[in-house]
Amino acid sequence: MCDTFVVPPKSSKDHCWIFGKNSDREPNEAQSVVDIPAQEHAVGSVLNCTYRSVPQARFTNRVILSKPFWMWGAEMGVNEQGVAIGNEAVFTKIPLNKESTGLTGMDMLRIALERSNSAENALDCILEHLHNFGQDACGGYQNRNFFYHNSFLIADAEKAFVLETAGKLWAIEYVKGARSISNGLSIGNNYNELAPDAIDFAKKKKWIKPHEEFNWSKAFSSSFMSWASSCKVRQIQSTSQAQQAHFDLHHGINLLSSHHDDEGFQAHKATTKDICMHATGVLCPNQTVGSMLAFLKPRTNSSVWVTNTSNPCLSVFKPLYFYDKSELPLQPTQSADNSIWWQAEKLHRLLLSGKIEEPHFQHILQDISKTRDTIHHQAIGHDILVKQGLMSPVSATRFAFQSYQNHLKDWLQWANQSPQKRLVYPPLYSFFWKKQSKSAGL
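In this text the structure is predicted, and so the values were computed from the model without any measurement.

Turning next to the overall build of the protein. Scanning the protein from N- to C-terminus turns up 11 helices and 18 strands. Here the C-alpha atoms of the protein give a radius of gyration of 21 Å, agreeing with the 22 Å that 2.2 N^0.38 yields for 442 residues. Its C-alpha atoms put the protein at 65 × 55 × 45 Å along the principal axes. Across the 442 residues in the protein, those meeting the buried criterion constitute 60%. Considering only residue pairs separated by 6 or more positions, the protein has 68% of its internal contacts joining residues 24 or more positions apart.

Following this line, the structure appears as structure tokens:
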């Protein structure tokens, strides 16, 4: 489960397209943030993606990606040309063979970022690879039966598009205002472009009536999976927040950190209705494992803000830039290590376990909230200095990461030393997280 949004320049405080996404995946599927340089490749070389290979391009762009640690493709990213893409799992009536002979949506996303200099180029690149290789590819980590189709929100400094797919069929919407996508088809009869054979295909399958106006999402959506993912609830919530006037970094952070019931939110009662998702078990098996915001400018002037940790409601967004090579912390692996992702995960699981007694629990949460606001305020100030040429991008990035990591150590020590309850949250919730943590070596 995931949520992606864009805000147009007319609604943005910075007068640019703003892109944001939460990546919701399995709790132990650590997410890496990587900065891959522009490269030149040999003529005729081959690119090995997650499950299959494709012809490599002669030249590829520098990209900043947030990606599952084990996968070639990426959940979200931005390239040096100012193009950003986020993808979503969508569930349609068209079956997949489940043989992993195709490209994952994340593979197509990364290929498009590496090869495109505009949102329009990226759109064409994804369609080309969808047509040539298909998307029969497992998207799960430990869940090897998780196959799905994909939708994409693609933006640059000038334009944005929504691309939704069902097999090799597709629909495109030209984005004019604030727009979000979630885990269901959302383009109805308002498509701007459509696969030439989409309507005939739906008619042959009797998914639309003979004289009925064609509606893409109605014809191709799998109603049960779309309902189970609560995608419509999250999309309404994200679209509403993205429509706020003078949208800025604070608005983006609040959107990606939001819960369906913020006032009375309790992690053990979380559902798939939350944009900042917290896993609870069978009915909500995923959590937000990484988040990204991007302010899209021409050429290398975009700024990218990442958590590099799970649970954005407890995390800090740190800035990355294309002016210089980013200094990024240790990348996570499959089990608990010294990476920032796994160190933060130790804290988050302690806090969400329900074991820490009051008032210690509330005191830690209050300190995290206060410190989080302080680091964000400092990072925004540094961002202004970077754009004025008065501070190096590397220094701004280093300061944000180091400040967060210093506090993370203190919070972990505080949480570990706090008195713990004997009776905690419902048994199934506790069992789910105990199993996850044991598997990860926590």
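Having seen the structure, we can now continue with the description.
It is worth spelling out the packing of aromatic side chains at this point. Applying the stated criterion across every chain, the model contains 17 aromatic pairs. Ring geometry for W207 and F220: centres 5.6 Å apart, planes at 80°, overall edge-to-face. Of this pair, W207 sits in the loop between α3 (198–204) and α4 (216–220) while F220 sits in helix α4, and the two are 13 residues apart along the sequence. Using a relative accessible area of 0% as the deciding quantity, one classes F220 as buried. Measuring from ring centre to ring centre gives 4.8 Å for W341 and W342, while their planes differ by 80°; the resulting arrangement is edge-to-face. This pair shows no difference in class: W341 is buried, exactly as W342 is. Within the aromatic cluster, the residues linked to one another by ring pairs are Y191, F201, W207, F214, W216 and F220.

Glancing now at the nonpolar core. Grouped together as the largest cluster of nonpolar side chains are 86 residues, with contacts concentrated most on I85, I154, W216 and F220. At 8 residues, helix α2 (residues 119–133) tops the list of elements feeding residues into this core. Excluding anything up to four places from it in sequence, W216 contacts E164, T165, A166, L169, W170, A171, L185, I187, G188, L194 and A198. Residues F5, V7, A242 and L255 belong to the second largest nonpolar core, which totals 16 residues.

Across the chain, the bulk of peptide bonds are trans and the bulk of non-glycine residues have phi less than zero. In the segment running from E358 into P359, the intervening peptide bond is cis, with an omega of 0°. Of note in this structure, H15 is not a glycine but carries a positive phi near 60°. If you trace the backbone, H15 turns up in the loop between β1 (2–7) and β2 (17–25). What makes H15 exposed here is its relative accessible area of 64%. Positive phi values are uncommon outside glycine, yet H246 reaches one of about 55°. Mapped onto the fold, H246 is located in the loop between α6 (231–242) and α7 (249–256).

Rules of the game
- Residues numbered from 1 in each chain as written.
- Predicted model: local features only at pLDDT ≥ 70, side-chain atom pairs only at ≥ 80, totals over all residues.
- Heavy atoms only, no water.
- Helix = DSSP H or I, 4+ residues; strand = E, 2+ residues; numbered from the N terminus.
- Rg over C-alpha atoms; globule rule 2.2 N^0.38 Å.
- Buried < 20%, exposed > 50% of the residue type's maximum accessible area, 1.4 Å probe, protein only.
- Contact = heavy atoms within 4.5 Å.
- Phe/Tyr/Trp six-rings, centres within 6.5 Å; stacked < 30°, edge-to-face > 60°.
- Core = buried A, V, L, I, M, F, W, Y, C linked by side-chain atoms within 4.5 Å.

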